[in-house]
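Given next are the chains, with one letter for each unit.
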Amino acid sequence: MPAHRPHHPRQAIDAARPVVLTAFRVVVGLLFACHGVASLFGVFGGASKGGGTVPLGQWPSWWAALINLVGGTLVLLGAGTRVAALLCSGAMAYAYFTVHQPRALLPLQNGGDSPVLFCFAFLAIAVLGAGPYALDRLLTRRPPAAAVEPAARPTSAV
């Protein structure tokens, strides 16, 4: 017997949701982690257009790069996803308003497109969660809700 195939486009879209959410989380986390690796280790072009690394402990650059690497990796793997994504979102909001926005009003004018997109992508991940294909799911395997026996309710003696 053939596998269940959606009959309506809406069913197909709904069926793809877990895979798309996972792919979105993985891509955003990977790109963000790569920014951290570039800044901390000088690979992929380095910390700036001239290359190099961010000096150890320098505020806020080194700490932002550390958040990029650690937060991006956690989101990529789906481990502690909501907290990591919220931290990454906040870091990008901070970067935008302290570094980019003072240069000009709009992201297109001030070079802040990337921080704005990362900020809202991570905010979406924080709200939507990691999806079913995440390390968190493997580490916290729970039986399906239907398989759990409901606790006996105490009877009231009225």
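Since the structure is predicted, the reported quantities are computational estimates derived from the model, not experimental observations.

Asks: Which parts of the structure should I look at to understand the overall build of the chain?
Replies: Helix and strand counts for the chain stand at 6 helices and 0 strands. Ordered by position in the sequence, the α and β elements of the chain form the string α-α-α-α-α-α. Taken across its 158 residues, the chain has 29% of its residues classed as buried. In the chain, 62% of the contacts between residues at least 6 apart in sequence involve partners at least 24 apart. Only carbon and sulfur atoms are counted for the fraction: they give 69% of the accessible area of the chain, which is about 10,900 Å².

Asks: Quick question: what am I supposed to make of the environment of Phe118 here?
Replies: Inspection of the secondary structure puts Phe118 in helix H5 (residues 113–128). Separated by 30 residues in the primary sequence, Phe118 and Cys88 have C-alpha atoms spaced 8.0 Å apart. Setting aside chain neighbours within four positions, we find Phe118 in contact with Val28, Leu31, Phe32, His35 and Met92.

Asks: Just checking my understanding: could you explain the confidence of the model for the chain for this structure?
Replies: Reading fine detail from the predicted coordinates is not recommended where pLDDT is low. Confidence in the prediction for the chain averages 87 pLDDT; 85% of positions are at 70 or higher. Confidence drops under a pLDDT of 50 for residues 144–150, and excluding neighbours within four residues, the segment shows 1 contact in the predicted structure.

Asks: Even after reading the chapter, I still don't get the pattern of salt bridges, so can you show me in this structure?
Replies: Any two side chains of opposite charge can pair, so long as their charged atoms come close to each other. Tallying each qualifying case throughout the model produces 2 salt bridges. In this structure, the salt-bridge partner of Arg10 is Asp14, at a minimum N-O distance of 3.5 Å. Of this pair, Arg10 and Asp14 both sit in helix H1 (residues 9–41), separated by 4 residues, roughly a single helical turn. With a closest N to O distance of 3.2 Å, Asp14 and Arg17 form a salt bridge. Here the residue Asp14 and the residue Arg17 both occupy positions in helix H1, the gap between them amounting to 3 residues, near one helical turn. Because the salt bridges share partners, they merge into one network encompassing Arg10, Asp14 and Arg17.

Calculation criteria
- Residues numbered from 1 in each chain as written.
- Predicted model: local features only at pLDDT ≥ 70, side-chain atom pairs only at ≥ 80, totals over all residues.
- Heavy atoms only, no water.
- Helix = DSSP H or I, 4+ residues; strand = E, 2+ residues; numbered from the N terminus.
- Buried < 20%, exposed > 50% of the residue type's maximum accessible area, 1.4 Å probe, protein only.
- Contact = heavy atoms within 4.5 Å.
- Areas by Shrake-Rupley, 256 points an atom, 1.4 Å probe, with all protein chains shown as cover.
- pLDDT = per-residue confidence, 0-100.
- Salt bridge = Lys/Arg side-chain N within 4 Å of Asp/Glu carboxyl O.

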